[in-house]
Amino acid sequence: MAAAPAAPREETDKHILQELGASCMKLGQLALDNFHVAPTVGPENAALTDSVLHLLWLKDQVSQQTVELQAGVKACVETNTEAVSEENLKETIQAIERELEDVTVSFQQKNMSLHRLQYTNALREAAQMNDKDGKLIMETVKHSLDLCSEIIATQKVKQI
């Protein structure tokens, strides 16, 4: 008889965790939109967008781009500066610095998204334990979900 009440609670908990995950994704997208950085993901690989593996791949790509940019800057410094005008050299350096800054910001955003996914997964696992701590986590998650919903609603009102 005790198993019957536990099943609806587990379903409710799963539903709440799914809502939290969806809200986290919406807040993450909202953060990206507020940074004015459009994600470069097409409909053909939309399923990969939400995966941790895809985020890790993106992190590696950004790291590789950073290494390439640093090599480019080093090569630019090592070139014969007499053949290049000083003004052209300054413009090139500024362009490379801007590009490096953009890549760094992009890397930080993707890194924060990865950490948010890892944190959400850890909370989900802890909440499913059905012990005292799990119940406390579920109460906190419910409260956080309410706050997330209010934030999203407020942002939508401000955008209109």
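Fair warning: this is a prediction, and the values are worked out from it, not measured in the lab.

Draft legend 1. Focus on the packing of helix α4 (residues 86–127) against helix α5 (residues 132–159). In the contact formed by α4 and α5, the axes pass within 8 Å of each other and the chain directions differ by 130 degrees. One element, α4, and the other, α5, form an angle in the oblique class. On α5, the residues touching Leu123, Ala126 and Ala127 of α4 are Gly134, Ile137 and Met138. In the contact of α4 with α5, the residues fall into five nonpolar, one polar and no charged.

Draft legend 2. Inspection of the nonpolar core at higher detail. With eight residues, the main nonpolar core is built from Ile16, Leu17, Leu20, Ala127, Ile137, Met138, Val141 and Leu145. Looking at this core, the elements with two or more residues in it are α1 (3–34) and α5. Ranked by residue count, the leading element in this core is α5, at four residues. Beyond its immediate chain neighbours, meaning those up to four positions away, Ile137 contacts Leu123, Ala126 and Ala127.

Draft legend 3. Layout of α5. The terminal C-alpha atoms of α5 lie 41 Å apart, and with 28 residues this matches the ideal 40 Å at 1.5 Å per residue to within 8%. Looking only at α5, the buried set comprises Gly134, Ile137, Met138, Val141, Leu145, Cys148 and Ile152.

Draft legend 4. Seen up close, the environment of Leu100. Inspection of the secondary structure assignment puts Leu100 in helix α4. Look at Leu100 and you get partly exposed, because its relative accessible area is 26%. As for Leu100 and Glu68, which are separated by 32 residues in sequence, their C-alpha atoms are 9.9 Å apart. If we ignore the near neighbours within four places in the chain, the residues touching Leu100 are Thr66 and Leu69.

Basis of the calculations
Residues numbered from 1 in each chain as written. Predicted model: local features only at pLDDT ≥ 70, side-chain atom pairs only at ≥ 80, totals over all residues. Heavy atoms only, no water. Axes fitted to C-alpha atoms, helices over the stretch in contact; angles between N-to-C directions. Helix = DSSP H or I, 4+ residues; strand = E, 2+ residues; numbered from the N terminus. Parallel < 35°, antiparallel > 145°, perpendicular 65-115°, else oblique. Contact = heavy atoms within 4.5 Å. Nonpolar A, V, L, I, M, F, W, Y, C, P; charged D, E, K, R; others polar. Core = buried A, V, L, I, M, F, W, Y, C linked by side-chain atoms within 4.5 Å. Buried < 20%, exposed > 50% of the residue type's maximum accessible area, 1.4 Å probe, protein only. Expected span 1.5 Å × (residues − 1).

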